[in-house]
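The primary structure of each chain is shown beneath.
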Amino acid sequence: MSHNKVRVRFAPSPTGGLHLGGVRTVLFNYLFARQHDGEFILRIEDTDQTRFVPGAEEYIVECLRWCGLEPDESPLQGGPYGPYRQSERKPLYRQYAEQLVAAGNAYYAFDTPEELEAMREVERARGNHSPQYNHAVRSTMRNSLNMEAAEVKELLGKGAPHVIRIKMPTNEEVTFTDMIRGDVTFQTNIVDDKVLLKADGMPTYHLAVVVDDYLMKISHAFRGEEWLPSAPVHILLWKYLGWGNEMPQWAHLPLILKPDGNGKLSKRDGDRLGFPVYAMNWQDPATGDLTNGFRENGFLPEAFINMLAMLGWNDGSGQEIFTMDELIRKFSISRVHKGGAKFDYDKAKWFNHQWIQRTGNERLAQLFLPVLESKGVVAEPAYVEKIAGLVKERCQFVNEIWDHGFFFFVRPEKYDLDAVKPRWNADKQAFFGEWQAALLNQEDFSAAALEEGFKALAATRGIKPGELQLPFRIMLCGGKFGPPVFDIAATIGRNETADRIALALDLLK
RNA sequence: GCCGCGUUGGUCAAGCGGUUAAGACGCCUCCCUUUCACGGAGGAAUGACGGGUUCGAUUCCCGUACGCGGUACCA
């Protein structure tokens, strides 16, 4: 439609942790921008000073960084259309609201909260379920539509508290084309006269999005489905402000739903069901409450992003594993689902498993280091890397390298002797005594050589090697888990292997 | 209540008027492995309902039901 540069934005309000759905909105914006060689802007919508939470903006920025969804313009890095924090743009908005008043598309309203509540009471008494300040009641309220110009001027002159409201037209239809949903039509009669400029001089979301999207030359506006009902207000504002030809194309993204029941996925659902909902850990500065994040739960950003992309979008080919580059190439907004998707934590874990397999041992080791540290273990990076390679196929999370490979770092504290004892006998006891002695002279300590020696020795004693492998494993790991036994022996080394055999033999006597 | 948006297996979903209705997660069985996994082979399981339109509807249209979202000087 326009040959202008693609410019999209993510515009969160800094009120707390960054939700899954929020990250997905960012992702779709980001993919679209990159695909079209456009720009992705982070704008902070902090017009509600009562809801401002310190640290939330920094947190959002850090989330985007972790996800690899870095903006081209933001409060932090600036850009040609700054400032990027709406609170810092406050002086900008009033003139546009005034412009709308002058054109007859908005008006001053002096109603106090008490008067508004009184109006709602009356309406409710009449059976009106959701009383609105709209075409039907505005003539009964204290606003510039019903007052003498002089009176308005006087009130304004002495600084009487007031808001500016949009004057919704009556009996009109507003239609726009949503890139996901197609044409959507609203009757203007059913939408109320939304406040555009608050008494404190701050714009509401409705005015701010339109003005900022215009000033920042936003070409495509993707946001959550919860915004669909207010779209007609925004469309009208674009028109009334005289910018109709530059209005962005809209797309309202489907919601991410809770796994059980219905409804939007909330932080509470995560707490209740035991999975994260926020991208990263979030600590509420007021209450000190800590909410779990995907990052701290051991998710790789690649997996997190991949999983999110597939929640509501697919390329039609059946492919499920995508790198960011592939997503950028293949993403298409028209293939985004209309219906909401229930979040499935099992599937999320599967994505993480897939990505762990695709991640190099060096990086896995690096990510695992803090876990090791927390266990009080110090190890050579090269050794940790090797272990990562040995156990990663059975890990869904990086920290599970410990669960599946702790015995590479420390001796088992307990042994699953029940798995061995029932079939334990003097022959086996003797075999392991001999095996332990043999290890000390084993020249080649590779897994293959160990296996060969083990089997040869078993043969001379007339015991099936299979009968001996499980006991050997228990001696080294303590239980029935872990990579192939001979790999373990080769990795922990001659002395450690011999020591562990001796230790276990004592217990089995 | 009103307005809007949705509705293919338990979940994510492909499909775009004619198909044995893909695939993935999860679940079950078997194989591999005398550990745990990975991997491989199978299996159970799906078109909300009712009307049209059509030679033929999962697919198009209209209702109904259900769900969700919105209905603030919050975003």
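Residues numbered from 1 in each chain as written. Chains lettered and ligands numbered in written order. Predicted model: local features only at pLDDT ≥ 70, side-chain atom pairs only at ≥ 80, totals over all residues. Heavy atoms only, no water.

> Just checking my understanding: could you explain the domain arrangement of chain A for this structure?
Assigned domains within chain A: domain 1 (7-71 + 208-256), domain 2 (90-197), domain 3 (267-356), domain 4 (359-408) and domain 5 (417-508). Relative placement of domain 1 and domain 3: their C-alpha centres are 19 Å apart. The partner domain 3 presents 34 residues to the 31 residues of domain 1 that form the contact. The contact between domain 1 and domain 3 buries some 2700 Å² in all, and 77% of this surface belongs to carbon and sulfur atoms. Of all residues in domain 1, Leu20, Leu31 and Trp66 bury the most surface against domain 3, accounting for 27% of the area lost on that side. Run the count over domain 1 and domain 3 and you get one salt bridge. Here Glu62 and Arg295 are joined by a salt bridge, their closest N and O atoms 2.9 Å apart. Every element with two or more residues in the side of domain 1 that touches domain 3 is listed here: α1 (20-35), α2 (56-67) and β9 (249-253). (Domains from an automatic or database assignment. Contact = heavy atoms within 4.5 Å. Buried area = accessible area lost by both parts, 1.4 Å probe. Salt bridge = Lys/Arg side-chain N within 4 Å of Asp/Glu carboxyl O. Helix = DSSP H or I, 4+ residues; strand = E, 2+ residues; numbered from the N terminus.)

> Please clarify how the sheet that holds strand β4 (residues 163-166) should be interpreted in this entry.
Taken in spatial order, the three strands line up as β3-β4-β7 in an open sheet, and their pairing is antiparallel. Edge strands, defined here as strands with exactly one partner in the open sheet, are β3 (106-109) and β7 (195-197). Strand-to-strand twist in this sheet, taken as the mean axis angle between neighbours without regard to direction, amounts to 40°. Along the sheet, helix α3 (residues 90-102) contacts β3, β4 and β7; its crossing angle with β3, the most-contacted strand, is approximately 105°. (Pairing = 2+ DSSP bridges. Axes fitted to C-alpha atoms, helices over the stretch in contact; angles between N-to-C directions.)

> It is not clear to me how the packing of helix α17 (residues 465-477) against helix α18 (residues 485-492) should be interpreted in this structure. Could you clarify?
Packed helix pairs are characterised by how far apart their axes lie and by the angle those axes make with each other. Packing of α17 against α18 brings their axes to within 10 Å, and their N-to-C directions diverge by 40°. The interaxial crossing formed by α17 with α18 has left-handed handedness. Every residue of α18 that contacts α17 at Gln469, Phe472, Arg473, Leu476 and Cys477 is listed here: Val485, Phe486, Ile488, Ala489 and Ile492. Per-class residue counts for the contact of α17 with α18 are eight nonpolar, one polar and one charged. (Left-handed = near helix turned anticlockwise from the far one by under 90°. Nonpolar A, V, L, I, M, F, W, Y, C, P; charged D, E, K, R; others polar.)

> Explain the nonpolar core here, please?
The nonpolar side chains of soluble globular proteins are, as a tendency, buried together. Counting 113 residues, the largest nonpolar core has Phe304, Phe343, Phe432, Trp435 and Phe472 as its most contacted members. Top element by residues in this core is α1. It accounts for nine residues. If you look at the next biggest cluster of nonpolar residues, it comprises 40 residues, including Ala106, Leu155, Ile235 and Leu241. (Core = buried A, V, L, I, M, F, W, Y, C linked by side-chain atoms within 4.5 Å. Buried < 20%, exposed > 50% of the residue type's maximum accessible area, 1.4 Å probe, protein only.)

> Explain the protein's contact with RNA strand B to me, please; I cannot follow it from the model alone.
Close contacts around RNA strand B come from 60 residues, with Ser130, Glu320, Glu393, Arg394 and Lys480 the closest. Taking the atoms of RNA strand B that fall within 4 Å of the protein, sugar and phosphate contribute 68% of them. Measuring from a base nitrogen of RNA strand B, one finds a side-chain N or O atom of Ser130 at 2.5 Å. Between Glu393 and RNA strand B, the recorded distance is 2.7 Å, taken from a side-chain N or O atom to a base nitrogen. Residue assignment for the surface near RNA strand B shows that the elements contributing at least two residues are α4 (113-125), β4, β6 (182-187), β13 (341-342), α11 (345-358) and α17. Tallying contributions element by element places α17 first for the surface near RNA strand B, with four residues. Classifying every residue of the surface near RNA strand B gives 21 nonpolar, 15 polar and 24 charged. (Near = heavy atom within 4 Å. Polar contact = N/O pair within 3.5 Å; in protein donor to acceptor, adjacent residues only side chain to side chain.)

> Explanation requested: the packing of aromatic side chains in the structure shown.
Scanning the entire structure with this criterion turns up 40 aromatic pairs. With centroids separated by 4.7 Å and ring planes inclined at 35°, the aromatic side chains of Phe294 and Phe304 adopt a geometry described as tilted. Of the two residues, Phe294 is situated in the loop between β12 (290-291) and α9 (301-309) and Phe304 in helix α9; the sequence distance between them amounts to ten residues. When the centroid spacing of 6.2 Å and the interplanar angle of 40° are considered together, the rings of Phe432 and Phe472 count as tilted. With Phe432 in helix α15 (residues 426-441) and Phe472 in helix α17, the pair connects residues that are 40 residues apart, well separated along the chain. In this pair, the class of Phe432 matches that of Phe472, namely buried. Members of the aromatic cluster, connected to one another through ring pairs, are Trp66, Phe275, Phe294, Phe299, Phe304, Phe343, Tyr345 and Phe397. Over the ring of Tyr133 we find Arg165; its NZ or CZ atom is 3.7 Å from the centre of that ring. The ring of Trp350 is capped by Lys347, whose NZ or CZ atom sits 5.2 Å from the centre of that ring. (Phe/Tyr/Trp six-rings, centres within 6.5 Å; stacked < 30°, edge-to-face > 60°. Lys NZ or Arg CZ within 6 Å of the ring centre and 35° of its normal.)

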